[in-house]
Amino acid sequence: WRLGLRAKEGAYSQFGNIDTKSGIITLWGNKNRAKGGRPREYKLETRNIEFLKLIANKGKANPTGHIFINRGSLPSRARIYVRKACEVLGIECLGLHGFRKQFANQYYKNRFKNTGDKELALLDTSRALGHNRKNVVTDSYVSRNTIENG
């Protein structure tokens, strides 16, 4: 949930999307099944770079460059694995979209803290999620209470 990717976007990620030096994952629109076909970049925290290198190597070893070989059913399987993992960890299962919503809320709070501008924080959050309208964020991701109280 750290990047707010949709399940399908993660499933279709390729070795070429990952810059292990900078920790940036780039989705290239339709090539990665990114909704709306808009390219986006995600920066991972430094502590996650080693993990990024491991998954990049999986894609490098695959003739198609994809990180996951059996991509077609991966989003459905991911939902099942997330539910099982939550059960094992004893945490509330928010589901894949729920974790995406968690990402959006945290992203918004960080952007607002850094900019002090609610409108800019909403727009940045919208773009990070692959949307181009901030009302999508207020309608589906970040609660009005969070927006009003920062």
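Source: prediction; values computed, not measured. (Residues numbered from 1 in each chain as written. Predicted model: local features only at pLDDT ≥ 70, side-chain atom pairs only at ≥ 80, totals over all residues. Heavy atoms only, no water.)

*Asks:* So what's going on with the side chain of Thr125? Residues and values would help.
*Replies:* With respect to the helices and strands, Thr125 occurs in helix H5 (residues 118-128). In contact with Thr125, other than residues within four places in its own chain, are Ala104, Tyr107, Tyr108 and Val137. (Helix = DSSP H or I, 4+ residues; strand = E, 2+ residues; numbered from the N terminus. Contact = heavy atoms within 4.5 Å.)

*Asks:* Run through H5, naming residues and quoting values.
*Replies:* All of the buried residues in H5 are Ala121, Leu122, Asp124, Thr125, Ser126 and Ala128. Among the structural elements, strand E3 (40-43), helix H4 (95-115), helix H6 (134-140) and helix H7 (144-149) are those in contact with the buried residues of H5. At the N-terminal end of H5, a side-chain oxygen is found 3.0 Å from the backbone nitrogen of Glu119, two or three residues along, and the residue is Asp117. Gly130 sits one or two positions beyond H5 and adopts a positive phi of about 90°. (Buried < 20%, exposed > 50% of the residue type's maximum accessible area, 1.4 Å probe, protein only. Polar contact = N/O pair within 3.5 Å; in protein donor to acceptor, adjacent residues only side chain to side chain.)

*Asks:* Tell me about the packing of aromatic side chains, and name the residues and values.
*Replies:* Following the criterion strictly, the structure yields 2 aromatic pairs and no others. Ring centres 6.2 Å apart and planes at 5° place the aromatic pair Tyr108 and Phe112 in the stacked group. Within this pair, Tyr108 and its partner Phe112 are both found in helix H4, separated by 4 residues, close to a single helical turn. Classification of Tyr108 as buried rests on a relative accessible area of 0%. (Phe/Tyr/Trp six-rings, centres within 6.5 Å; stacked < 30°, edge-to-face > 60°.)

*Asks:* So what's going on with the environment of Phe68? Which residues, and what values?
*Replies:* Along the chain, Phe68 falls in the loop between helix H2 (49-61) and helix H3 (74-89). Phe68 sits 54 residues away from Gln14 along the chain, and the two C-alpha atoms are 8.2 Å apart. Look past the residues within four positions of Phe68 in its chain and what remains in contact with it is Gly10, Ala11, Asn62 and Leu74.

*Asks:* I'd like a rundown of H4, residues and numbers included.
*Replies:* Along an α-helix, residues three or four apart share an orientation, since each turn contains 3.6 residues. With 21 residues, H4 should cover 30 Å at 1.5 Å per step; its first-to-last C-alpha distance of 30 Å lies within 8% of that length. Here H4 has its buried residues at Gly98, Phe99, Arg100, Phe103, Ala104, Asn105, Tyr108 and Phe112. Packing partners of the buried residues in H4 comprise H3, H5 and H7. At the exit of H4 stands Gly116, carrying a positive phi of roughly 70°. (Expected span 1.5 Å × (residues − 1).)

*Asks:* Help me get a handle on the nonpolar core, residues and values and all.
*Replies:* Ranked by internal contacts, the top residues of the largest apolar core, which has 13 residues, are Tyr108, Leu129, Val137, Tyr141 and Val142. Elements represented by at least two residues in this core include exactly H4, H5 and H6. Element by element, the count of residues in this core is highest for H4, at 4 residues. With residues near it in sequence (within four places) discarded, Val142 still touches Ala104, Asn105, Tyr108, Val137 and Ile147. The next biggest cluster of nonpolar side chains, apart from the first, holds 10 residues, and it includes Ile25, Tyr42, Leu52 and Ala56. (Core = buried A, V, L, I, M, F, W, Y, C linked by side-chain atoms within 4.5 Å.)

*Asks:* So, the pattern of salt bridges: which residues are in play, and what are the values?
*Replies:* Counting across every chain of the model gives 3 salt bridges. Residues Arg111 and Asp124 are paired through a salt bridge, measuring 2.8 Å at the closest nitrogen-oxygen approach. Note that Arg111 is positioned in helix H4 and Asp124 in helix H5, a separation of 13 residues in sequence. For the salt bridge of Lys134 with Glu119, the shortest nitrogen-to-oxygen distance reads 2.2 Å. A residue pair is termed long-range when its members are at least 10 positions apart, and Lys134 in helix H6 and Glu119 in helix H5 qualify at 15 residues. Lys134 gets classed as partly exposed once you look at its relative accessible area, which sits at 34%. (Salt bridge = Lys/Arg side-chain N within 4 Å of Asp/Glu carboxyl O.)

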